[in-house]
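Here are the chains, one letter per residue:
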Amino acid sequence: MKNSATIISTLFHPLLMATWFVLLLLYTNPFSFAGMPNGIVIGVVFVNTFMFPAIALLLMRKLDFIDSLELPDKKQRIIPLVATIVFYVWAFLAIKKLNFPFMVGIFMLGSVVSLFLAFFINIFSKISLHMVGISGALTAIMLLVFISPADVSYYFLLLIVLTGAVATARLYLNAHTIKEVYAGFIVGMIGQIFGLILYHP
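What you see is a predicted model; the values in this text were computed from it and never measured. (Residues numbered from 1 in each chain as written. Predicted model: local features only at pLDDT ≥ 70, side-chain atom pairs only at ≥ 80, totals over all residues. Heavy atoms only, no water.)

Q: Run through the overall build of the protein chain, naming residues and quoting values.
A: Looking only at helices and strands, the protein chain features eight helices and zero strands. Taken from the N to the C terminus, the helices and strands of the protein chain come in the order α-α-α-α-α-α-α-α. Along the first, second and third principal axes, the C-alpha set of the protein chain runs to 45 × 35 × 30 Å. Contacts in the protein chain between residues at least 24 apart in sequence constitute 74% of all its contacts with a sequence separation of at least 6. On the protein chain, roughly 10,600 Å² of surface is accessible, and the fraction owed to carbon and sulfur atoms is 74%. Averaging the locations of the 11 positively and 6 negatively charged side chains of the protein chain gives two centres separated by 4 Å. (Helix = DSSP H or I, 4+ residues; strand = E, 2+ residues; numbered from the N terminus. Contact = heavy atoms within 4.5 Å. Areas by Shrake-Rupley, 256 points an atom, 1.4 Å probe, with all protein chains shown as cover. Lys, Arg positive; Asp, Glu negative; His and termini not counted. Charge placed at Lys NZ, Arg CZ, Asp CG, Glu CD.)

Shown next, in the form of structure tokens:
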């Protein structure tokens, strides 16, 4: 059971959620990318939202700024969160400049908002970043159900199951309390709602 919880936590790491979301859009709504090469689309998102933050995190571990890549101590999450916010803002600006579909822009802006909220909350209390990520994706796909030319309702149902699986995995691994899991879920949802309200193509 522990191995399964670890695999789920790894596959749906918060830094990977933007890549998973874009892959879903490429699969269900390929024409919305207006002929942009898939490699460029995936590369821009993956490099900026996963690779750069991951490299920064590894460097922080190497330089002993953090004790573990799991970041169990909320105080040690401050610098990694600041670095991640910078990379996600950069990703959002790159996506706008390259004229990605507006749903990608909304998702990325929502992710930035969620990161700022998580950073603020983390000053006072630990929060589940895994839940922030999966909840953001769930909310974005819920919005996509209403506007997508393709039927994505089955993916929305799948995300509901995956959200429960991630929450269960984080609790089973004793990485978070129920309060921290719920806080992460709410923050991820609020971020995407603000992304929808604030985004202007």
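Q: Help me get a handle on the side chain of Thr-19, residues and values and all.
A: When you line up the elements, Thr-19 lands in helix 2 (residues 17–28). Thr-19 gets classed as buried once you look at its relative accessible area, which sits at 9%. (Buried < 20%, exposed > 50% of the residue type's maximum accessible area, 1.4 Å probe, protein only.)

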